[in-house]
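# An overview of the molecular structure
Single-letter residue listing:
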Amino acid sequence: MSKVLLILHVLAAVIAIGPVTVAASMFPAAARRAFAEPGSGLSVLRALHRICRVYAVVGIAVPFFGLATAGSMRVFGDAWVIVSIVLTAAAAGVLAALVLPGQKAMLAALDAEPPSEPLTAGRVAMYTGMFNLLWAVVTILMIVRPGSTTGA
């Protein structure tokens, strides 16, 4: 059962977190172009934001299967699991509290007449970088598993 849960956890991470990471990373550059040439690129920005929102919801499966996997493998007390849980929660918080609202604010500003940039694309890029970095660290912890007795 642990193997099935682990497979589902990894698949959920690749399928859900990957698109959010890519779309969120593309958003700031696309926003800069849209502000430079008002009226262009708005549909791209809306699509990128929609991808981020939809896959953020789908991404709930990642910690769900992760917790189930940790329980079946009896590793809940291991430091790498606890740190991964905390970092996953932090990544979700950055996405929900900073990245998605920042994207939404930029879209609203582009819809305004005249367009005015309330939040710089650089700031949204920074939030996205924080989100991506947190997931990179979680991924490294999942691979390296400090203190693990599996030899990895």
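These figures come from a predicted structure and were not determined experimentally. (Residues numbered from 1 in each chain as written. Predicted model: local features only at pLDDT ≥ 70, side-chain atom pairs only at ≥ 80, totals over all residues. Heavy atoms only, no water.)

### So, the pattern of salt bridges
- Evaluation of the coordinates by the stated rule reveals one salt bridge.
- A salt bridge links arginine 46 to aspartate 111; the shortest N-O distance between them is 2.7 Å. With arginine 46 in helix α2 (residues 42-58) and aspartate 111 in helix α4 (residues 79-111), this pair connects stretches of sequence that are 65 residues apart. (Salt bridge = Lys/Arg side-chain N within 4 Å of Asp/Glu carboxyl O. Helix = DSSP H or I, 4+ residues; strand = E, 2+ residues; numbered from the N terminus.)

### Quick notes on the UniProt feature "transmembrane region" (unreviewed entry) in the protein chain
- The feature "transmembrane region" (unreviewed entry), as given by UniProt, occupies residues 47-67, 79-100 and 124-144 in the numbering adopted here.
- Along residues 47-67, the helical share is 90% and the strand share 0%, with 31 Å between the first and last C-alpha atoms.
- For the annotated span residues 79-100, helix accounts for 100% and strand for 0% of the residues, and the straight-line distance between the end C-alpha atoms is 30 Å. (UniProt positions renumbered as here; feature names shortened; annotations may be inferred.)

### Comments concerning the environment of alanine 34
- Within the fold, alanine 34 resides in helix α1 (residues 2-36).
- Taking the C-alpha atoms as reference points, alanine 34 and leucine 107, 73 residues apart in sequence, are found 9.7 Å from one another.
- In this structure alanine 34 touches Ser40, Leu45 and Leu110, once residues within four positions along its chain are discounted. (Contact = heavy atoms within 4.5 Å.)

### Some points on helix α3 (residues 61-73)
- Compared with an ideal rise of 1.5 Å per residue, which puts 13 residues at 18 Å, α3 spans 18 Å between its outermost C-alpha atoms and is within 8% of the ideal.
- For α3, every residue scored as buried is listed here: Val62, Phe65, Gly66, Thr69 and Ala70. In a view along the axis of α3, the buried residues occupy a sector of 140 degrees, so they form one face of it.
- Considering only its buried residues, α3 is in contact with α1, α4 and α5 (121-144). (Expected span 1.5 Å × (residues − 1). Buried < 20%, exposed > 50% of the residue type's maximum accessible area, 1.4 Å probe, protein only. Arc of directions from axis to C-beta.)

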